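Coordinate inspection notes
Chain by chain, the residues run as shown.
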Amino acid sequence: MTQRHLLTIEDLGADGIVELLHLTDTFTEVATRAIPKVPALVGRTVAQLFFEDSTRTRLSFETAARRLSADVLTFTAKTSSLNKGESLRDTVLTVSAMGVDAFVVRHASSGAPAQIAHWLEADGNGEVVVNAGDGAHAHPTQALLDCYTIRQHRKEIADRADAPADRLFEGLRVLIVGDARHSRVCRSNVEALTALGADVTLVGPPTLLPVTTKGWGVSTSTDLDEALLGADVVYLLRMQLERQREARVPSLPEYTARWGLTTARAERLDPSALVMAPGPINRGVELSSDAADLPCSVITDQVTNGVATRMAVLFKLLSAGRDSGE
Ligand code: CP
């Protein structure tokens, strides 16, 4: 991993993803200690710039930074001087002037973290920028923690079968179901999973599938019942009503009837299949409450793994600058 920032999964490539998955193992072990904290980033400051709502990503980056012994500044747009007319650029450069090493940025506009990285570089500052989700564009750390969670569970199966633990993603049948058109999580997961060799199918109503998937390396389907046969991972996307400009399905109950993981559909899954969702989940819409709580549902594991994954990302980006004396 040679990039200064983490803006997309494309920045990493397959080798960079694998490197971070291995590094995440180290920080997963740290979490099992009586005091789950290491001094790796003592003296470093991580600024959390959240211009859009978040629970999981904001709190897990904050936990990750603190477990690495970094200081944390948390900025929330709703209570900031943006409301007095300060621009995004002036806001970023103001926080930068306080002495910051990394910016973790969530924004409703695609490209905002890249723009912030550009402003910081033009200003001659050495901060790294991590994209914590921008519009419908990318959510790279979500994809990393999802790949880590799949790898964790597939490794358990491989160990039980005494099968080689490497190449766990090759040929893995992953369904990403729902509102793929508006989903940054979908885009980043497609990039990560296909780079690792998984066989990805996007499933949903035609109005919620991407306008084109040319160059994505995925299949598409509108028939969830057919697609579920033989699936290893069923990844349910939330209906992102905040990014839809018009009604894309007749009604949510009709959506659930055809594309939701109902309890009846979940019962037909292979016993080793995983049910995943990035959260927040809408119980009774993209999956039933029972399906969300089945033993094969690893949604809580995804949240747990988010901390170690984000520790790996912050450690990698910030220790790179330290090693080279930048
Ligand atoms: N998965 C995810 O990004 O959740 P939050 O919006 O709660 O951060």
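Owing to the predicted nature of the structure, the values given are computational and were not obtained by experimental measurement. (Residues numbered from 1 in each chain as written. Predicted model: local features only at pLDDT ≥ 70, side-chain atom pairs only at ≥ 80, totals over all residues. Heavy atoms only, no water.)

Spatially, β2-β1-β3-β4 is the arrangement adopted by the four strands of the open sheet, whose pairing is parallel. One side of each edge strand has no neighbouring strand; the edge strands of this open sheet are β2 (71–76) and β4 (128–134). Put simply, the sheet's adjacent strands are angled 15° from each other on average, direction ignored. Here strand β1 (residues 45–50) runs beside β2; their pairing, made up of six bridges, is parallel. In the sheet register, A47 faces β2, and the bridge partner there is L73. Helix α4 (residues 112–122) rests against β3 (102–107) and β4 of the sheet, and its axis sits at about 160° to β4. (Pairing = 2+ DSSP bridges. Helix = DSSP H or I, 4+ residues; strand = E, 2+ residues; numbered from the N terminus. Axes fitted to C-alpha atoms, helices over the stretch in contact; angles between N-to-C directions. Contact = heavy atoms within 4.5 Å.)

Scanning the entire structure with this criterion turns up twelve salt bridges. The partner of R33 in a salt bridge is E29, with the nearest N and O atoms 2.9 Å apart. Here R33 falls in the partly exposed class, since its relative accessible area comes to 38%. Between K78 and D53 there is a salt bridge; the shortest N-O distance is 2.6 Å. Placement of K78 in the loop between β2 and α3 (88–96) and of D53 in the loop between β1 and α2 (56–67) is noted, with a sequence separation of 25 residues between them. Of the two residues, K78 and D53, neither departs from the other in class, the shared state being exposed. Among the charged side chains, a network of salt bridges with common partners joins E52, R106 and R184. (Salt bridge = Lys/Arg side-chain N within 4 Å of Asp/Glu carboxyl O. Buried < 20%, exposed > 50% of the residue type's maximum accessible area, 1.4 Å probe, protein only.)

In this section: the sheet that holds strand β5 (residues 173–177). The strand order β7-β6-β5-β8-β9 describes an open sheet built from five strands, whose pairing is parallel. Pairing within the sheet leaves two strands with one partner each, and these edge strands are β7 (219–221) and β9 (274–276). When strand polarity is set aside, the average angle formed by the axes of neighbouring strands in this sheet is 20°. Where β5 meets strand β6 (residues 199–203), five bridges bridge the pair, whose relative direction is parallel. By the bridge assignment, I176 is partnered in β6 with L202. Lying over the sheet, helix α6 (residues 184–195) contacts β5, β6 and β8 (233–236), oriented at roughly 160° with respect to β6.

The next point concerns the environment of T141. Within the secondary structure, T141 sits in helix α5 (residues 140–160). Note on T141: relative accessible area 0%, which makes it buried. The sequence separation of T141 and R173 amounts to 32 residues, and the corresponding C-alpha distance is 21 Å. The residues touching T141, leaving out its near neighbours within four places in the chain, are L6, F61, V130, N131, T309, R310 and V313.

Let us look at the site of the ligand. Taken together, the neighbourhood of the ligand is formed by S54, T55, R56, T57, R106, H139, Q142, P278 and G279. Take T55: an N or O atom from its main chain is 2.8 Å from an oxygen atom of the ligand. For the ligand, whose unbound accessible area comes to 260 Å², protein coverage reaches 91%. Grouping the amino acids of the shell around the ligand by side-chain chemistry returns one nonpolar, six polar and two charged. Taken domain by domain, the shell around the ligand gets at least three of its residues from each of domain 1 (9–138 + 304–323) and domain 2 (140–302). (Near = heavy atom within 4 Å. Polar contact = N/O pair within 3.5 Å; in protein donor to acceptor, adjacent residues only side chain to side chain. Areas by Shrake-Rupley, 256 points an atom, 1.4 Å probe, with all protein chains shown as cover. Nonpolar A, V, L, I, M, F, W, Y, C, P; charged D, E, K, R; others polar. Domains from an automatic or database assignment.)

Structurally, the protein comprises domain 1 (9–138 + 304–323) and domain 2 (140–302). Put simply, the middle of domain 1 and the middle of domain 2, counted by C-alpha atoms, are 26 Å apart. Taken residue by residue, the interface counts 31 residues in domain 1 and 28 residues in domain 2. When domain 1 packs against domain 2, the two sides together hide about 2,300 Å² of surface, and 58% of this comes from carbon and sulfur. The largest per-residue losses of area from domain 1 upon contact with domain 2 belong to I9, L21 and N305, which jointly make up 27% of the total buried on that side. Taken together, domain 1 and domain 2 are joined by two salt bridges. A salt bridge links R184 to E52; the nearest nitrogen and oxygen atoms lie 2.8 Å apart. Summed over the shared surface of domain 1 and domain 2, the number is 16 residue pairs in polar contact (both at pLDDT 80 or more). (Buried area = accessible area lost by both parts, 1.4 Å probe.)

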